[in-house]
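Overview (structure and organization)
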Amino acid sequence: MTDRASEGAARAQPRLGRLLVVDDEPAILDTVGRFLRFIGYEVRTAATAKGALSESRDFLPELILLDIMLPDGDGIEVMRRLRADGLPQAVVFLTARDTREDLVKALTAGGDDYITKPFGLDEVAARIGAVLRRTRRPGPEASLLRVADLELDTPTRSVRRADTPVDLSPTEFRLLRYLMLHSGRVVPRAQLLDHVWSYDFNGDDTVVATYISYLRRKLDALGPPLIHTRRGVGYTIREPGC
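What you see is a predicted model, and the numbers here were worked out from it, not measured in a lab.

Each value, and the rule that gives it
- Residues numbered from 1 in each chain as written.
- Predicted model: local features only at pLDDT ≥ 70, side-chain atom pairs only at ≥ 80, totals over all residues.
- Heavy atoms only, no water.
- Core = buried A, V, L, I, M, F, W, Y, C linked by side-chain atoms within 4.5 Å.
- Buried < 20%, exposed > 50% of the residue type's maximum accessible area, 1.4 Å probe, protein only.
- Helix = DSSP H or I, 4+ residues; strand = E, 2+ residues; numbered from the N terminus.
- Contact = heavy atoms within 4.5 Å.
- Pairing = 2+ DSSP bridges.
- Axes fitted to C-alpha atoms, helices over the stretch in contact; angles between N-to-C directions.
- UniProt positions renumbered as here; feature names shortened; annotations may be inferred.
- Arc of directions from axis to C-beta.
- Polar contact = N/O pair within 3.5 Å; in protein donor to acceptor, adjacent residues only side chain to side chain.
- Salt bridge = Lys/Arg side-chain N within 4 Å of Asp/Glu carboxyl O.

1. Looking at the nonpolar core
One recurring pattern in soluble globular proteins: nonpolar side chains tend to sit buried together. If you look at the biggest cluster of nonpolar residues, it comprises 28 residues, and the most contacted ones within it are Leu 176, Leu 179, Leu 192 and Ile 237. Ranked by residues supplied to this core, first place goes to helix α7 (residues 170-181) with six residues. Those residues within four positions of Leu 192 in sequence are excluded, and the remaining contacts are Leu 175, Tyr 178, Leu 179, Val 187, Trp 197, Val 208 and Tyr 235. Listed in part, the 23 residues of the second largest apolar core include Leu 36, Ala 90, Phe 119 and Val 131.

Set out below in structure tokens:
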């Protein structure tokens, strides 16, 4: 890997966006992570598929630099699971595979671009910048979710109901966001465990019921109930009267 960052990149303004770098090679995580922070991105890293899912759901990155081959899973499957959550907006795959078949598979699965190893840091910066320019949605309300008088703003991680701020823990925020992404539909408990807590359903769904009760306590104090239980199945969020 070569480090040929330009002077222009070194002078880049801070906070260019939130990125997650996922690779099981410590040298890549360290070098790429430090470089992207240096040129102005907010960066987190993960070395496993499980870590990628957890960090993505907590950090809500705009783009993931995602290795296809991970020790506990496949990067393409990680992307598919995150896209079911509405995350992330963009994925750039890292791969040592350079056959046409593998690259076509990565892109047709939904990847926005790919970088083959070994690579230069200037190439990484250029490709990330190009993908973000293509995939960023215009308008200040692109990341704003609404159900009735409830609003959730993903970039600021803020929630308001009836124009009143609602203070949520990180887990409460992730749970509410997932329900709002699927508003009007019943979301099974097992699906909530998998996508909000990032582990597979093991028969103990009491944690879901506990956090649903936390959300209800905070939201119902400001208006009619929005979160409803479908007994034996899961939960849904919908407008009153629907």
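2. A closer look at the sheet that holds strand β2 (residues 42-46)
Spatially, β2-β1-β3-β6-β7 is the arrangement adopted by the five strands of the open sheet, whose pairing is parallel. Both edges of this open sheet fall to β2 and β7 (113-116), since each of them pairs with a single strand only. The average undirected angle you get between the axes of adjacent strands in this sheet is 20°. Sheet analysis places strand β3 (residues 63-67) next to strand β6 (residues 90-95), joined by five bridges and oriented parallel. In the sheet register, Ile 64 faces β6, and the bridge partner there is Val 91. Against the sheet, helix α2 (residues 26-38) engages β1 (18-22), β2 and β3, with an angle of about 170° to β2. Seen against the sheet, helix α6 (residues 121-135) touches β1, β3, β6 and β7 and runs at an angle of roughly 175° to β7.

3. Some words on the side chain of Glu 62
Structurally, Glu 62 is set in the loop between α3 (49-59) and β3. With near-sequence residues (within four places) excluded, Glu 62 lies in contact with Leu 16, Gly 17, Arg 18, Pro 88, Gln 89, Ala 90, Leu 132 and Arg 136.

4. What to know about the UniProt feature "modified residue: 4-aspartylphosphate" (unreviewed entry) in the protein
Cross-referencing UniProt, the feature "modified residue: 4-aspartylphosphate" (unreviewed entry) maps to Asp 67 in the present numbering. Along the chain, Asp 67 turns up in strand β3. Overall, the relative accessible area of 4% leaves Asp 67 in the buried class. Setting aside anything within four residues of it in sequence, one finds Asp 67 in contact with Val 22, Asp 23, Asp 24, Gly 75, Leu 94, Thr 95 and Lys 117.

5. Notes on the sheet that holds strand β13 (residues 227-230)
An order of β12-β14-β13 is seen for the three strands of this open sheet, with the pairing classed as antiparallel. Of all strands in the sheet, those bounded by a partner on one side alone are β12 (187-188) and β13. The pairing of β12 with strand β14 (residues 234-237) spans two bridges and is antiparallel. Looking at the pairing, Val 187 lines up with Tyr 235 of β14. Sheet strands touched by helix α9 (residues 206-219): β13 and β14. Its angle to β13, the strand with the most contacts, is close to 150°.

6. Here's the deal with unusual backbone geometry
For the bond from Lys 117 to Pro 118, the omega torsion is -5°, close enough to zero to count as cis. Secondary-structure assignment places Pro 118 in the loop between β7 and α6. We note that Asp 163 has phi near 65°; this positive angle belongs to a residue other than glycine. For Asp 163, the location among the structural elements is in the loop between β10 (158-161) and β11 (164-165).

7. Regarding helix α4 (residues 75-84)
Of the residues making up α4, those classed as buried are Gly 75, Ile 76, Val 78, Met 79 and Leu 82. Buried residues along α4 cover an arc of 155° about the axis, so they all sit on one side. Capping the start of α4, Asp 74 holds a side-chain oxygen 2.8 Å from the backbone nitrogen of Ile 76, two or three residues further along. Gly 86, located one to two residues past α4, shows a positive phi value of around 85°.

8. Some details on the pattern of salt bridges
With the rule as written, the count across this model stands at 14 salt bridges. One salt bridge connects Arg 83 with Asp 112, and the closest N-O pair in it is separated by 3.3 Å. Separated by 29 residues along the polypeptide, Arg 83 in helix α4 and Asp 112 in the loop between α5 (100-108) and β7 bring together distant segments of the chain. Taking the relative accessible area as the measure of exposure, Asp 112 reaches 23% and is therefore partly exposed. Close ionic contact of Arg 161 with Asp 149 constitutes a salt bridge, the shortest N to O distance being 2.8 Å. A residue pair is termed long-range when its members are at least 10 positions apart, and Arg 161 in strand β10 and Asp 149 in the loop between β8 (144-147) and β9 (150-153) qualify at 12 residues. Note on Asp 149: relative accessible area 32%, which makes it partly exposed.

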